Amino acid sequence: SSSSSSSSSSAQGTKVAGKGDQHASTTQLSAAYYYLGANLRMLERNEEARSALLEVKRMMPTSLATHAQLGALEEEEQDWAAAEQAYEAWTRLAPHAAKALNALGWVKFRAGQPHEAVALFMQATRLRPSDAESWYTLARGAELYGG
């Protein structure tokens, strides 16, 4: 008799599953796709990684880590326009993230836009004056740019 009552209560639980449960399962599914994409990228299976990461982006368009992974993947593929698009999305969602600004700056640099790159590096150092990586990036960018 106890098994029938537990099965009826779990059946009721499924009937009343609300938006919270749906959000939790979407979050779990997008996390699984994210880790799949990140691991496929490490295995240099970039087409499959891109598919998984684009699925995360579709489910959770504000995921900062997903935009960062997509940008890094496109950088590896030397698709500067796609990398720039991913990093620009990251900087729009997190305008005070020095890491995002530096990543976007390097892509701009590689895409032949050194002036814009150095401006992004400078913005990153203004946001995080104690961040040694941002200062190094600015110095390296300025050196490569010739100034």
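Structure report, in brief. (Residues numbered from 1 in each chain as written. Predicted model: local features only at pLDDT ≥ 70, side-chain atom pairs only at ≥ 80, totals over all residues. Heavy atoms only, no water.)

Some remarks on unusual backbone geometry
To be explicit about the condition: Any residue under 20% of the maximum accessible area for its type is buried, any over 50% is exposed, and the rest in between are partly exposed; the area is computed with a 1.4 Å probe on protein chains only.
Positive phi is not limited to glycine here, since Glu 44 has a value of about 60°. By relative accessible area, Glu 44 is classed as exposed at 70%. Even without a glycine there, the phi angle at Gln 78 is positive, about 60°.

Let's talk about helix H7 (residues 114-127)
Residues spaced three or four apart along an α-helix face the same direction, because each turn holds 3.6 residues. Threshold: Secondary structure elements are taken from DSSP: a helix is a run of H or I of four residues or more, a strand is a run of E of two residues or more, and numbering for both begins at the N terminus. What a helix is expected to span follows from its residue count: subtract one and scale by 1.5 Å. Any two residues having at least one pair of non-hydrogen atoms within 4.5 Å are treated as being in contact.
For H7, with 14 residues, the first-to-last C-alpha span of 20 Å sits near the 20 Å given by 1.5 Å per residue. Of the surrounding elements, those touching the buried residues of H7 are helix H6 (98-110) and helix H8 (132-145).

Notes on the nonpolar core
Applied cut-off: Joining through side-chain atoms within 4.5 Å is the link that ties buried Ala, Val, Leu, Ile, Met, Phe, Trp, Tyr and Cys residues into a set, and such a set is a nonpolar core.
If you look at the biggest cluster of nonpolar residues, it comprises 14 residues, and the most contacted ones within it are Tyr 87 and Trp 90. Of all elements in the fold, only helix H4 (64-76), helix H5 (80-93), H6 and H7 reach the threshold of two or more residues within this core. Considering each element in turn, this core owes the most residues, 6 residues, to H6. Other than its neighbours up to four places away in sequence, Trp 90 contacts Leu 64, His 67, Ala 68, Lys 99, Ala 100 and Ala 103.

Observations regarding the environment of Arg 110
Condition: Pairing of N or O atoms within 3.5 Å defines a polar contact, subject to two protein rules: one partner must be a possible hydrogen donor and the other a possible acceptor, and residues neighboring in sequence count only if both atoms are side-chain atoms.
Turning to its location among the elements, Arg 110 is positioned in helix H6. Under the relative-accessibility criterion, Arg 110 is labelled partly exposed at 42%. Between the alpha carbons of Arg 110 and Trp 80 there is a distance of 7.3 Å; along the sequence they are 30 residues apart. With near-sequence residues (within four places) excluded, Arg 110 lies in contact with Glu 75 and Trp 80. Separated by 2.6 Å, the side chains of Arg 110 and Glu 75 make a polar contact.

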